[in-house]
Amino acid sequence: MLSLNPYWGVNFFGFLWTFISRIPLLISGNCQMVQDELQIFVLSLMAISCSLIGVVMMLKKTTMLANSLSHTILVGIVIAYLLSFSSQGGFHPFSLSIKTFIIAALISALITTFLSEFLTKSLKLQEDASIGLVFTFLFSLGIVAVTVFSRNAHIGTEVVMGNVDALVSKDLLWLLFIAAVNISLFILCYKEYLLTTFDPVFAKFMKISTTFFSYLLMLQLSITVIGSFRIVGVIMVLSYIIGPALLARLFFHQFTKLLLFAPLFGIVISIIGVALTRHFLSMYQMPLSTAGMCIAVLAVSYFLALIIKKRKKSWQLPSLDQQDQSEKAL
Amino acid sequence: MNCILEAQDLCIHYNKTPILWDVSFKVPKHHMTAIVGPNGAGKSTLLKASLQIIKPFSGSISFGRCNSDNHIAYVPQKESIDWDFPVSALDVVLMGRYGRLKYFQRVKAADKEAAMQALQQVGMASYSSRQINQLSGGQQQRLFIARALVQKPDVLLLDEPFSGIDMATEKLLIELFIKLKNEGKSIFIVHHDLTTLDQYFDWVILINTRLIGCGPVKEVMTQENIQKAYGNNLSLFEEAHHLSKKQAEGYIS
Amino acid sequence: MNVLEFFTDPILRAPTIGCLLMGVSSSVMGVISMLRKRSLIGEALSHATYPGVVLGVSFFGVFFPSYQDWSFLGVFLGATLSSYLAIKVIHILETKYNVNSDASLCFVLSTFFGIGLLFASHIQFSLTFWYQKIQVYLYGQSATMTDIHVIVYAFLTSLTLLFLIGCYNHLKVILFNLEYAKTIGIKTNLIEGISFFLFVVSIVIGLRSVGIVLMSGMLIAPAVFARQFTERLSTLFLLAILMSLTSAFLGNYFSYTLSEKYLITMPTGPLIVIIGTLLAFFALLFAPKRGFIFRKVRIWNFKRKCIRENILKSIWKSPSQLTDFSYLRKNIGLSTWFLKRHLKKLEKEGWLRKEKNSFALTCDGIKKSERIVRLHRLWEVYLAEHLDVGVEKVHKNAEEMEHIITPELEKKLTKLLDNPTKDPHLQPIPKE
Amino acid sequence: MRFLKILIPLVLLLCCFSCRTATSNNIHYWMEDNGKIKVLTSIEMLNDLVIAIGKGHVDSIALIVGNLDPHSYELVKGDDEKFARADLVVCNGLGLEHGASLMQTINSHKNCLLVGEEIFNKAPEKIIIINKTVDPHIWTDVSLWSESIDFIVERLSKLDPMHAEEFKQNGSLLKKDLLDTHQDLLNEMKAIPSEKRYLVTSHDAFNYFAKAYLSERNEGDWHSRFSAPEGLAPDGQLSSSNIKSIIEHLKKFNIHVLFPESNVSQSSIKKIIHAGNQMGLELTIATEPLYGDAMIVEEGMGGKNYINMMKHNAETIKKYLNL
């Protein structure tokens, strides 16, 4: 008999209970993975790789670059999607194989990083102004290309917001691969990342090339964004990158603990998010977007964490002028 | 003796860490006063508190009678400014007069005249139309002083005017300050170089989070006071201060 | 379709004027945010308007379903409220919780957009008809603007301009040196509050024509363009406004003519941003003083001048009257072809005479090389006496400085060193 | 220790509004196992046909309900259960449901019928192609739509051979109804004088309608009978030149009425009227909207909703075009 989805019509606690009880079955492999479980695993794998990168980018203060990269990667993918769509013609645009996605994304990621480097270094433009210029320019090129080439294959919200409710087990494999790559990279070159983030000058002295690791980080970021852009959409990836990292930052001050607890927070938030969407669906017949719900849970938990910490300063001791600046706000 | 600046058990905290701790002193008029102390002793904070930029945690500090704004002129640190800002030297000096301008009011010819005069005083008249990012460190400092002079102040407060400028400009600035002192103005300078203290200044405030001494240079700058301010026998106080900071930030449960 | 018709034709009038107004207000606010070194705050705020837009439209959908054309007021109020809230959150995160400004921008950007998406996914089912209106604000649809929009936007832009002209001087001091502004009695909190509010207003004006995602481009491009050309704050604002007006108009113009000619639909919003950014790139490269290309050209010219002067100097120093090519070749590390070209040029300019494979200085040639050697040796004396640099290290620095010292500097040097006759290597210093 | 301090209030907050009991609705009813064939249709019009043919032996629900726009519909939480549960999925095809996620799930379903494509394979000349993209709105021409009945009957009988005979009967009955409605529509539309018979709506949904009912008997160029600013997918980017071409179209055939659609935003139509009136042609907007992609469904009408919709459209058009 067709196994009805065990999570149908279940409230929040029921969901958690069934999920915990089904984990041993899933591991032992004698029951088929259902859409909700697929969502939880996919979201948590994505949370792991995103928050790992988020911690390093937050400490390097280049999170805005992640925002611009995710936008331009979207443009690369949309253009690749379109070229295949228009050339294939007819009314069945098959979804692109992952390979073409990667190539398109890597090209656009490289273009963005190179262009913003060129703008800041040789044209002497402010850092954030150059990032802003580059990604809006490429994004508007993307939109013009889309509307000109195919009048009706509109970008739609799906490309920008992703759709966590339309997952296929193939995504799980792909995300497993990305998470494995990210985790192994962070374990292997942990001290290089620590050094290049904390004190690039000293790293140069120790003959660790900072540019190599910053480009490696960009590479990792691009692969993660490709993997998760279909799931959570371009702009939500950013909150998975920065959210857990900021949340962990409030509580933990060692680099290792940050790298450990940020993904943990990400996983907990994804589970709560999926459980809540299932709850709203079965209780109030309100099909809400799971991505939006996870981010709302993230925002609420960050807000709660702030209240709990009751305005204690975070870890770095303010240098003298920063102290004057914050005194100004008293 | 009528005093110009008075502080009564002034206390300033930044997020539970004390920066100035019950400081009380009086400084007489028409004197050149140096505010001296090691790094992080709260020198600039004292200056900013006197300007009411920072609200003290407890106690008070004020300039007494002439407390209204246009009589007090402040010269901030050079490093806190983005010198790539698109304004000319004359514009910067004119800013001194913006306090009196009402909205929609244009800068009057008299203000421009006063600005050129102030530039003359600091010897920067020929640079008036020059762009500020083309000025050297010394010239930028003199520009800030001209901006303060344009306000026709009775009290002049300068935050580390001598840091990062060449010898020639330092000599010129000192001559200017002495001339201003003789004209009846009181000058307060945050200073860090102990060697030039007795030649330039006649009054000094020596602080290191706590007030160590306030009076004529000879009286205050005794070996014992200096040792107290810069030496290490403050270590006990330092230790306690450090512990309280750690506690405040929640490292030690 | 001549230019005038863009302002008279009832179809094109509203979008064109709407975009121009958006151009004015976004360029003014873009310059202010660039001078505050916070250019990307526009990006965070424009994304933060999404929940406001969704709630504003649904508020209209629930309470005033009949007033359909006025729904953009709901959008306006919702967007202003939610991005004003976003500014407050960013400010609190940065000052109270010491979160790095970059991270707080990203956090606010993505969380507000996520929450907006949550509401939108619910609205999609309950108020579907109104959901369509929200989608318009994602990428902007200036073609369907009507006169009501233009009137409201005109009023708001005049507010922004009034603010700019009104407290122009106060704003200048606040942007340059906030602490100093406080001491001279300028009401900084009031002016900063107004500028934050007008910043939000300029973003909301631009939503309809450029859309949430591209709004930050319209804020950054004019400011970057203007900054390359002027050093005056007043001309900076004027140039920024002018540039954004042209890019807004050209965006509309090309979007219309291209769609007309090739029967494709060219969206106006993205086109405006593309033209704006292209102008900004152009300014970055070709601005007269700060432009990259001109700087490179000046550097190249300076290098060429140094090589020429070195050639003249080595001819002047050479023992015999006529120095042959091989001596020069050995003395100056240049390929023969380059050396020949330089020599031909010097000859044409009349610094030296060519006599069958060897060269001699003309009288102005002698005067010029004497002056170079004099500067070289003066600088060496100055380094040795005043900065007590070791005699052997002096030469290398002087080698560079001899091309740089200007006549006034030379006068000052001679006065300071009271006209020395011998340099540290005891060689004579040529007279004035 | 500190970590727990943030988790407890979070969970407390969540459980305070999470312990309500489940409420039932028709989806629950459709989910239960009652021996009937479970059919999931993409749009309401197909749902109508399946209910009319299947009568008591089939439980059928529609995926895209209410005023939702089928072009840009994306899968939502709970849709995948419906697909898993459905024995047969009936969609319009021809690129109507081309949201990426929706497209993928439809293609990967075990038993899926694309009505539009079946008609295309059988009679390609009947399908309209506008600048290289196929127009999927085949239900606006009742006769063409009635051809999809045979495919549905055939699929249902394959699933439930026992009632095959009944399905065939219902199918032929429904076909007769549809053809009668087609005839009525033709007569009504012919009643409108030819020079007034021009239709302008907000998006290209009524090409088939114009070709079938508005064009003259053997009029080659029926395209002029219908035009719309927003193209096949309603939320495509709009540029001023589309609005200009529509206004020229209105001027050329001196049309005075524009028809809004129930599920498409009226900003483009309002703009045309606003600009048109300033250019001197008195344009008005029809107060009642036409039903292009969306359909009003009353319970228990059993297959009559589609016919009512087309009749309603015809009446509104007649009423306003005859002014």
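Bear in mind that the values here come from a model prediction, so they are computed numbers and not experimental data.

(A) Representation of the interface of chain C and chain D within the structure. Counting residues at the interface gives 30 residues for chain C, matched by 28 residues for chain D. With both sides pooled, the region where chain C packs onto chain D buries about 2,600 Å², and carbon together with sulfur makes up 60% of that total. Of all residues in chain C, Ile11(C), Phe129(C) and Gln132(C) bury the most surface against chain D, accounting for 22% of the area lost on that side. Linking chain C with chain D are one salt bridge. Across the pair Asp9(C) and Lys244(D) runs a salt bridge, and its minimum N-O distance is 3.4 Å. Joining chain C to chain D, the criterion identifies six residue pairs in polar contact (both at pLDDT 80 or more). At the level of secondary structure, the elements contributing two or more residues to the side of chain C that touches chain D comprise helix 2 (10–35), helix 5 (101–126), helix 6 (128–139) and helix 12 (233–262) of chain C. At six residues, helix 2 of chain C tops the list of elements feeding residues into the side of chain C that touches chain D.

(B) Up close: the environment of Lys182(C). Of note, Lys182(C) is situated in helix 9 (residues 178–183). For Lys182(C), a relative accessible area of 27% translates into the label partly exposed.

(C) The arrangement of the interface of chain A and chain C in detail. Counting from both sides, the interface comprises 62 residues of chain A and, opposite them, 61 residues of chain C. In this assembly, chain A and chain C are joined by zero salt bridges. Remark: the boundary between chain A and chain C carries seven residue pairs in polar contact (both at pLDDT 80 or more). For the side of chain A that touches chain C, the elements supplying multiple residues, two or more each, are helix 3 (63–88), helix 4 (98–121), helix 5 (127–149), helix 6 (156–161), helix 10 (210–251), helix 12 (290–309) and helix 13 (320–328) of chain A. Sort the elements by how many residues they give to the side of chain A that touches chain C and helix 5 of chain A lands first, with 15 residues. A class-by-class count of the residues in the side of chain A that touches chain C yields 36 nonpolar, 19 polar and seven charged.

(D) Summary view of the pairing of strand 1 (residues 37–41) of chain D. Residues and elements named next belong to chain D. Within strand 1, five of the five residues are buried, which leaves the element mostly enclosed by the surrounding structure. Sheet analysis places strand 1 next to strand 2 (residues 58–62), joined by five bridges and oriented parallel. Opposite Thr-41, over in strand 2, you have Ala-62 as the bridge partner. One crossover worth recording links strand 1 to the parallel strand 2 by way of helix 3 (residues 44–54), and it is right-handed. Relative to strand 3 (residues 88–91), strand 1 runs parallel, the two being bridged by three bridges.

(E) Inspection of helix 1 (residues 43–50) of chain B at higher detail. Residue and element names in this part refer to chain B. Helix 1 sits mainly inside the fold: eight of its eight residues count as buried. Among all positions in helix 1, only Lys-43, Ser-44, Thr-45, Leu-46, Leu-47, Lys-48, Ala-49 and Ser-50 are buried. Directly beyond the C-terminal end of helix 1, a positive phi value near 60° is found at Gln-52.

(F) Spatial organisation of the packing of helix 2 of chain C against helix 12 of chain C. Residues and elements named next belong to chain C. At their nearest, the axes of helix 2 and helix 12 sit 8 Å apart, and the two run at 145° to each other. As helix 2 runs across helix 12, the sense of the crossing is right-handed. Together, Leu-12, Pro-15, Thr-16, Cys-19, Leu-20, Gly-23, Val-24, Ser-27, Val-28, Val-31, Ile-32 and Leu-35 of helix 2 and Leu-233, Leu-236, Phe-237, Ala-240, Ile-241, Ser-244, Leu-245, Ala-248, Phe-249, Asn-252 and Tyr-256 of helix 12 make up the contact between the two elements. Of the residues in the contact of helix 2 with helix 12, the class split is 18 nonpolar, five polar and no charged.

Scoring rules and cut-offs
- Residues numbered from 1 in each chain as written.
- Chains lettered and ligands numbered in written order.
- Predicted model: local features only at pLDDT ≥ 70, side-chain atom pairs only at ≥ 80, totals over all residues.
- Heavy atoms only, no water.
- Contact = heavy atoms within 4.5 Å.
- Buried area = accessible area lost by both parts, 1.4 Å probe.
- Salt bridge = Lys/Arg side-chain N within 4 Å of Asp/Glu carboxyl O.
- Polar contact = N/O pair within 3.5 Å; in protein donor to acceptor, adjacent residues only side chain to side chain.
- Helix = DSSP H or I, 4+ residues; strand = E, 2+ residues; numbered from the N terminus.
- Buried < 20%, exposed > 50% of the residue type's maximum accessible area, 1.4 Å probe, protein only.
- Nonpolar A, V, L, I, M, F, W, Y, C, P; charged D, E, K, R; others polar.
- Pairing = 2+ DSSP bridges.
- Right-handed = clockwise from strand over helix to strand, strands pointing away.
- Axes fitted to C-alpha atoms, helices over the stretch in contact; angles between N-to-C directions.
- Left-handed = near helix turned anticlockwise from the far one by under 90°.

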